[in-house]
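Examination of the molecular architecture
Residue strings, one per chain:
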Amino acid sequence: MNRLLISAGLAIGLSAPLFAAESVNYKDETLIKQGEYLARAGDCVACHTASGGKPFAGGLPMESPVGTIFSTNITPDKQTGIGEYSFEDFDNAVRHGIGKDHTLYPAMPFPSYARVSDSDMHALYAYFMNGVEPVSQANKPTDIAWPMSMRWPLTVWRWMFAPEVKAFVPETGQDPVVARGAYLVEGLGHCGACHSPRGIGMQEKALTSADGELYLSGGDAMEGWVAKNLRGDVRDGLGGWTEEQLVQFLSTGRTEHTAVFGSMSDVVTQSMQYMTQEDLTAIARYLKSLPPASAEQTPFKYDDTAFKALFNGDDSAIGASVYVDSCAACHRTDGKGYAEVFPALAGNSALATKDATSLIHIVLKGGTLPSTFKAPTSYTMPGFDTRLTDKQVADVVNFIRNSWGNQAAPVTESDVASVRKDVKAAAYGSAPAPEAVGSSEVAK
């Protein structure tokens, strides 16, 4: 993809003039390219593409508290996709959550997209109508039992929790780079959809930084992952990250100290690695401008007690022997890992979350550090679901979360058993699945 910044400076989306749909040439190549870039920024392909399916043809299952929702076909196919959508139809779906026939489930992040500018909406429409290959693939019905399958309550939900569509306006005196970052994070990036806590109605408790310290303060467990705190907290947030480290992480999925995992892997490979350096810097600078959600956290300070014990052959601490046998070869007895290969566990902010679901998930099922343009080599951690009991997993997770200066709440056997069930990990002692191998093929 042509990775140019499609705007005059950083002003795109911030002060774009309004214009009518009938005055727009949706076949203009520049507008289509702009829309392609914006679709990448919004990571549309990740949700609207099933595993092994064609781009944007839908069919991806998404678990929700009420059942499974399948993403829809948003290719310009006239029978099964959005080929018959006018710009108004497209805008109603994306920014208002109103489909042609019914209200959309808020799995579609229209509360965030409400901040997308008119001009960017026109560019997105141009891309989806004229830059995406039509695919004939019927949409799958939701797997939600009645009465929760009824759509009319969603109208009430939208009235209660979805904001009015209006142009993004920078704060008075706000640095234009920070403002650009706010526009991308709060709008197309819809980062709060995962990284902000949700209320009893499954609504995001905060949609923008103006809504207070809950915004981007860390999400709830979804599909076996917990999205981390993106605010300035020094233990579980980004307080210990530099702007440069954050830009590197967004573009490559790895830094000297940490590595991407879970759902965020798709965000990096499908979206962030395609974005310009200017936009990644804007995102990082905006996130670094957010104050901490809690003033009580103290900065991480390395403690070599666990390292000295392991170095001297003392693995008597609970979970230490499991760590030595299963983890130390890659993450080392000092917990510092190997830069940009095997992430450090000491001081890793993703391990300091109150909810240890993500770490338990990784221990059970493993994970793959994805290949990106700037970091093409992929590394895979095997899963230990068949090799470790629930107690052993709980012990090693507690050891990791409370060694080398880490401090986090303990987990129990029942916590592990619950995650094992939720993520469909294999039972201890069963036949292991074939392990994935590393790859140097760049994720496209």
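These numbers come from a predicted model, not from an experiment. (Residues numbered from 1 in each chain as written. Predicted model: local features only at pLDDT ≥ 70, side-chain atom pairs only at ≥ 80, totals over all residues. Heavy atoms only, no water.)

**Considerations on helix α3 (residues 87-96)**
- Taken residue by residue, α3 has Phe-87, Phe-90, Asp-91, Ala-93, Val-94 and Arg-95 as its buried positions. End-on, the buried residues of α3 take up no more than an arc of 165°, which puts them together on one face.
- As for α3, its buried residues are in contact with α4 (110-113) and α5 (118-130).
- Two residues or fewer past α3, Gly-97 is found with a positive phi of approximately 75°. (Buried < 20%, exposed > 50% of the residue type's maximum accessible area, 1.4 Å probe, protein only. Helix = DSSP H or I, 4+ residues; strand = E, 2+ residues; numbered from the N terminus. Arc of directions from axis to C-beta. Contact = heavy atoms within 4.5 Å.)

**Quick look at the sheet that holds strand β3 (residues 143-144)**
- Reading across the sheet, the three strands line up as β1-β2-β3 and stay open at both edges, with antiparallel pairing between neighbours. The open sheet has two free edges, formed respectively by β1 (61-64) and β3, since each of these has just one partner strand. (Pairing = 2+ DSSP bridges.)

**Things to note about the UniProt feature "binding site: heme c 1" (unreviewed entry) in the chain**
- Feature annotation in UniProt places "binding site: heme c 1" (unreviewed entry) on Cys-44, Cys-47 and His-48, given in this structure's numbering.
- In this structure, Cys-44 sits in helix α2 (residues 44-47).
- Taking the relative accessible area as the measure of exposure, Cys-44 reaches 14% and is therefore buried.
- Other than its neighbours up to four places away in sequence, Cys-44 contacts Ala-39, Phe-56 and Phe-128.
- Under the relative-accessibility criterion, His-48 is labelled buried at 13%.
- Beyond its immediate sequence surroundings of up to four residues, His-48 is in contact with Pro-55, Phe-56, Ala-57, Gly-58, Ser-71, Thr-72 and Ile-74. (UniProt positions renumbered as here; feature names shortened; annotations may be inferred.)

**Details of the pattern of salt bridges**
- Summed over the entire model, instances satisfying the criterion amount to twelve salt bridges.
- Where Arg-115 meets Glu-186, a salt bridge forms, and the shortest distance between an N and an O atom there is 2.8 Å. Here the residue Arg-115 occupies a position in the loop between α4 and α5, and Glu-186 occupies one in helix α7 (residues 176-188), the gap between them amounting to 71 residues.
- Residue classification places Arg-115 among the partly exposed residues on the basis of a relative accessible area of 21%.
- Between Lys-308 and Asp-304 there is a salt bridge, with the nearest N and O atoms lying 3.5 Å from each other. (Salt bridge = Lys/Arg side-chain N within 4 Å of Asp/Glu carboxyl O.)

**Some points on helix α6 (residues 152-161)**
- Inspection of α6 places Leu-154, Trp-157 and Arg-158 among the buried residues, and these make up the whole buried set. Taken down its axis, α6 places every buried residue within 100° of arc, on the same side. α6 presents Trp-152, Trp-159 and Met-160 as exposed residues on the side facing more than 90 degrees away from its buried surface.
- The inward-facing, buried residues of α6 contact α3 and α4.

**A short note on the environment of Gly-219**
- Within the secondary structure layout, Gly-219 lies in the loop between α8 (192-195) and α9 (243-252).
- Overall, Gly-219 belongs to the buried group, its relative accessible area being 15%.
- Residues Gly-219 and Ile-144, 75 residues apart in the sequence, show an inter-C-alpha distance of 24 Å.
- Beyond its immediate sequence surroundings of up to four residues, Gly-219 is in contact with Cys-194, His-195, Ser-196, Pro-197, Val-226 and Ala-227.

**A look at the side chain of Thr-353**
- Relative to the assigned elements, Thr-353 resides in the loop between α14 (328-331) and α15 (357-365).
- A distance of 2.7 Å separates a polar side-chain atom of Thr-353 from the backbone oxygen of Asp-355.
- Once residues lying within four places of it in the same chain are set aside, the contact partners of Thr-353 are Asp-236 and Arg-401. (Polar contact = N/O pair within 3.5 Å; in protein donor to acceptor, adjacent residues only side chain to side chain.)

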